[in-house]
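Report on the structure
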Amino acid sequence: MCPVGPRGCGGKMAAAGAMERSFLEISGAERERPRHFREFTVYGVGTVNAVVGAVKYSESAGGFYYLESGKLFSVTRNRFIHCALHLPSFCKYLLNFYMSGMVVDTGIKWKTSGDTLELVEESLDVNLLNNAVHLKFQNCSILPGGVHVSETQNHVIILIVTNQTVHRLLLPHPSRMYRSELVTESQMQSIFTDIGRVDFRDPCNYQLIPTVPGLSPNSSTSAAWLSSDGEALFALPSASGGIFVLKLPPHDLPGMVSVVELKQSSVMQRLLIGWMPTAIRGDQGPSDRPLSLAVHCVEHDAFIFALCQDHKLRMWSFKDQMCLMVADMLEYVPVNKDLRLAAGTGHKLRLAYSPSLGLYLGVYMHAPKHGQFCIFQLVSTENNRYSLDHISSLFTSQETLVDFALTSTDIWALWHDAENQTVVKYINFEQRCICRVFLRQDDS
């Protein structure tokens, strides 16, 4: 995608003035043949068949771009990994770029639908062979937020969370497959070429989610990340409002699988000594249950953010197993008493990090017949205390939000309108301007 010149804004915020840029989707390589997906079934030991009437999880999508995707002579230049929604291809392609905050040519995209994960590695410079796979997880459903991609010097690591299992998929890094500094071939093998050789039931990289008291059987959100020590971590909401974190040891070191429960304390304990984890069981109810989880990794720690049914945003330190911050989102939303007393539904949380600006949080607050985006910047003070700096609030129409992506200046949102048609909107929250994105599908 590239800027093509100024274009005016549409919608209710047209009075905010014309935008300084607009976007056009471009393709850097012609595809003469339709994409061929190889199908693989992942059989989980100990999983059980879904019962009639079981929860159906929403589809989700995302993308990943390589760290050196912008370097001219890198083997990962202009490559990306893709997982997309079951939406019109032109919509999911645009959304997937911005779900990872990227406008680059290379990386990984993924798509989840029920028990199936779709993975695609793309390049705008060369044709990648064997680059598209479908992974079907028998008896399982992939949770929203249940796919996370990261890279190390030797591997591309994909973490996957289903309603019954967690998985760590180790794939060779492109730099280990092609060691030449200058790649001149017109086609190359994808990192998915030898995925059929992966042992998905290797206990080092696969675990059943244990049956423990308090773990919600119908989790509607999840998060996963790779620690600086190489541990794979998976976060799930507990039925009582806390967070369970399942940890796999580094793939190349011996170790035990462990589960930690981050648990709130009572208000008096919080005032005296902070909010403590498993050892102290506090006063919580189902209204505290997280609806949306997100993780931001810092040096030797990870901050876990939970947007909950009681309309509060909670921030946890995984290293200290302590809740560092609680913010009531209704303080930023003009609400009536009925909404405050009702459990939240449809709330969504996304993060965006800028090395120069810090961490931004995008919160979508859903209410009957309308919604609202609230944008915050995380502010740290001494003594490990944190607060939120409110940047902007924007009200939305009655359209149904499917998902959104956040950058340090923009929101890209995907909606369904009253006729169930797909709508993409670009929102500059600094200028408070909302633009309808008009998309053209290439029939070729």
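Each remark here, short or long, concerns the structure printed above.
Our subject in this report is the structure included herewith. Just so it is clear, the structure is predicted and the values come from calculations on it, not from any experiment.

Points about the pairing of strand β25 (residues 370-381)
Along any regular strand the residues' side chains alternate between the sheet's two faces. Here eight bridges tie strand β24 (residues 358-367) to β25, and the two strands are oriented antiparallel to one another. Paired with Gly362 across the bridge in β25 is Ile375. Sheet topology note: the β25/strand β26 (residues 385-396) ladder contains eleven bridges and is antiparallel. Across the sheet, the residue bridging to Gln377 is Asp389, located in β26.

A word on the packing of aromatic side chains
What describes a pair of aromatic rings is the distance from one ring centre to the other and the angle between the planes of the rings. Tallied over the full model, the rule gives ten aromatic pairs. Plain terms: the ring middles of Phe64 and Tyr66 are 5.5 Å apart, the flat faces sit at 75° to each other, and that makes the pair edge-to-face. Arranged with centres 5.1 Å apart and planes meeting at 70°, the rings of Phe373 and Phe404 form a pair that is edge-to-face. On the criterion of sequence distance, the pair formed by Phe373 in strand β25 and Phe404 in strand β27 (residues 400-406) is long-range, its members being 31 residues apart. Across this residue pair, the class does not change: Phe373 and Phe404 are buried. Every member of this aromatic cluster is reached through a ring pair, and the members are Tyr364, Phe373, Phe404 and Trp415. The side chain of Arg350 reaches across the aromatic face of Phe404, ending 5.6 Å from its centre. In this structure, Lys425 packs its charged tip against the face of Trp415, placed 5.5 Å from the ring centre.

Criteria and cut-off values
- Residues numbered from 1 in each chain as written.
- Predicted model: local features only at pLDDT ≥ 70, side-chain atom pairs only at ≥ 80, totals over all residues.
- Heavy atoms only, no water.
- Pairing = 2+ DSSP bridges.
- Helix = DSSP H or I, 4+ residues; strand = E, 2+ residues; numbered from the N terminus.
- Phe/Tyr/Trp six-rings, centres within 6.5 Å; stacked < 30°, edge-to-face > 60°.
- Buried < 20%, exposed > 50% of the residue type's maximum accessible area, 1.4 Å probe, protein only.
- Lys NZ or Arg CZ within 6 Å of the ring centre and 35° of its normal.

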